[in-house]
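# Fold and contact review
This is what each chain is made of:
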Amino acid sequence: MREMSVMSDVSTVVVPESVRFKAACPDCRGRFELAAGAIRLAVGASRRTTFYSFTCPECGAAVRKPAGERIVELLTGGGVRTLRLHSGV
């Protein structure tokens, strides 16, 4: 009988801590770069419930912005923590 080795289909993506995203605050109009750990991504069932958020490092405002498919792809690929929102259906 021959042994078979099984490889997992799950791959681990290693993201360097140096990954940074350009962002801007609508309140103070500051422009800055944020590390992946400073951003949160929420993915909902619609465009309306898919967004990313962060705290402005300049004025402390809580910022929430819509995230289209491309933004979601960039943020998740860059190691941003993602929360999947489910409807109560």
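Our structure is the block above this text.
Because the structure is predicted, anything quoted here is derived from the model rather than measured.

## A closer look at the sheet that holds strand 5 (residues 62-66)
Hydrogen bonds along the backbone pair up the strands of a sheet, which may run parallel or antiparallel. Spatially, 5-4-3-6 is the arrangement adopted by the four strands of the open sheet, whose pairing is mixed. Edge positions in the open sheet fall to strand 5 and strand 6 (81-84), since each of these has one partner strand only. Mean inter-strand twist for the sheet, computed between neighbouring axes without regard to direction, equals 25°. One ladder, built from four bridges, connects strand 3 (residues 40-43) with strand 6; its direction is parallel. Note that in strand 6 the partner of leucine 41 across the bridge is threonine 82. Sheet strands touched by helix 1 (residues 69-77): strand 3, strand 4 (51-55) and strand 6. Its angle to strand 3, the strand with the most contacts, is close to 130°.

## A word on the pattern of salt bridges
On inspection of all chains with the given rule, the structure shows two salt bridges. The partner of glutamate 33 in a salt bridge is arginine 20, with the nearest N and O atoms 3.8 Å apart. With glutamate 33 in strand 2 (residues 31-35) and arginine 20 in strand 1 (residues 20-24), this pair connects stretches of sequence that are 13 residues apart. By relative accessible area, which is 42% here, glutamate 33 ends up partly exposed.

Conventions used here
- Residues numbered from 1 in each chain as written.
- Predicted model: local features only at pLDDT ≥ 70, side-chain atom pairs only at ≥ 80, totals over all residues.
- Heavy atoms only, no water.
- Pairing = 2+ DSSP bridges.
- Helix = DSSP H or I, 4+ residues; strand = E, 2+ residues; numbered from the N terminus.
- Axes fitted to C-alpha atoms, helices over the stretch in contact; angles between N-to-C directions.
- Contact = heavy atoms within 4.5 Å.
- Salt bridge = Lys/Arg side-chain N within 4 Å of Asp/Glu carboxyl O.
- Buried < 20%, exposed > 50% of the residue type's maximum accessible area, 1.4 Å probe, protein only.

Worth remembering: the numbers are spatial, not functional.
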